Amino acid sequence: MEGKGIPWIPGTANSLGGEALGLAAGTAGRDVPVDLVEKMARAFLQAYPNLFAVNPDDLALNAQGSGPVLDYLYFIDLNLTRGGVPVEGAHIVFRLNHGNLVQVGQDLVNPAALKALDPTPTLSAQGAWQVLWNHIGGQDKKDRIVDAGTLKIGPVSSSTVLERQPAVPGTGLGYRLVYTVSFKRPGIMGTWEARIDAHSGEMLAFADANLYGSIKGNAYKTDQV
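Residues numbered from 1 in each chain as written. Predicted model: local features only at pLDDT ≥ 70, side-chain atom pairs only at ≥ 80, totals over all residues. Heavy atoms only, no water.

Caption draft 1: Highlighting helix α1 (residues 34–47). Compared with the 20 Å implied by 1.5 Å per residue over 14 residues, the 20 Å span of α1 between its first and last C-alpha is a close match. Listing the buried residues of α1 in full gives Val 37, Glu 38, Met 40, Ala 41, Arg 42, Phe 44 and Leu 45. Packed against the buried residues of α1 are α2 (49–52), β2 (59–61), β4 (73–82), β5 (85–97) and β6 (100–107). (Helix = DSSP H or I, 4+ residues; strand = E, 2+ residues; numbered from the N terminus. Expected span 1.5 Å × (residues − 1). Buried < 20%, exposed > 50% of the residue type's maximum accessible area, 1.4 Å probe, protein only. Contact = heavy atoms within 4.5 Å.)

Caption draft 2: Molecular detail of helix α4 (residues 125–136). Counted at 1.5 Å a residue, the expected span for α4 with its twelve residues is 16 Å, and the 17 Å between its end C-alpha atoms agrees. Along α4, the residues that are buried comprise Gly 127, Ala 128, Trp 129, Leu 132 and Trp 133. Residues of α4 that are buried make contact with β7 (144–157), β8 (173–185), β9 (188–197) and β10 (203–208). Backbone geometry just downstream of α4 places Gly 137 in the positive-phi region, at approximately 90 degrees.

Caption draft 3: Inspection of the side chain of Asp 58 at higher detail. Considering the arrangement of structural elements, one finds Asp 58 in the loop between α2 and β2. Although Asp 58 is buried, it makes no salt bridge; Arg 82 carries the closest opposite charge, 5.3 Å away. (Lys, Arg positive; Asp, Glu negative; His and termini not counted. Salt bridge = Lys/Arg side-chain N within 4 Å of Asp/Glu carboxyl O.)

Caption draft 4: Structural view of the layout of surface pockets. Size it by volume and the largest pocket reaches roughly 180 Å³. Lining the largest pocket we find 15 residues, and of these Pro 10, Gly 11, Gly 29, Asp 71 and Tyr 72 sit closest to its centre. Per-class residue counts for the lining of the largest pocket are eight nonpolar, five polar and two charged. (1 Å grid on protein atoms, 1.4 Å probe; cavity = no way out; pocket = protein on both sides within 12 Å on 5 of 7 lines; lining within 4 Å. Points joined across faces, edges and corners; volume = space filled by probe spheres on them. Nonpolar A, V, L, I, M, F, W, Y, C, P; charged D, E, K, R; others polar.)

And the structure:
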């Protein structure tokens, strides 16, 4: 959703001064505290509850993705959670340009499906490891654990979408509560990661999590080191 903009913080696109936000009169937009702009974003969601239908209490600030960028941009990025468990890749973002809110967007957000998900795991992390060891024929005593078990919520396509059937808008996305566990095994390249449903114990994925690539180039005697 985007438009000409709504004045939020001081900038060249509006006539706001710092005093409008309870700050010093000469405060520039880039100097407005992140927590203040975050409160404005949350107030926006509460003022228009049917716009995103997300409970603001389920949103956590992404500190690394929020704040001023250069002298004229300002971002507030709110990550989606459920019962304190993060939803992978799901967020709502507010973008300000020259002091005005010009864009609001979301990704991988389906409030109804998320509300239906129980964020309390049925399976323990130890149980998830047992599922993995059973899948690969057992644990080697030399295996080195990389991730002992991270609980997260993974977005998934609904069965209707997977079957390539028409889906009602907004119903094609679902969620699964998963454990991510990973390890390294001597003599075998890779960091082996498994994703296991924290309720059913189903193995959802097992693969090498490393990213591989190659670099080609040249060096000349005249290059400075």
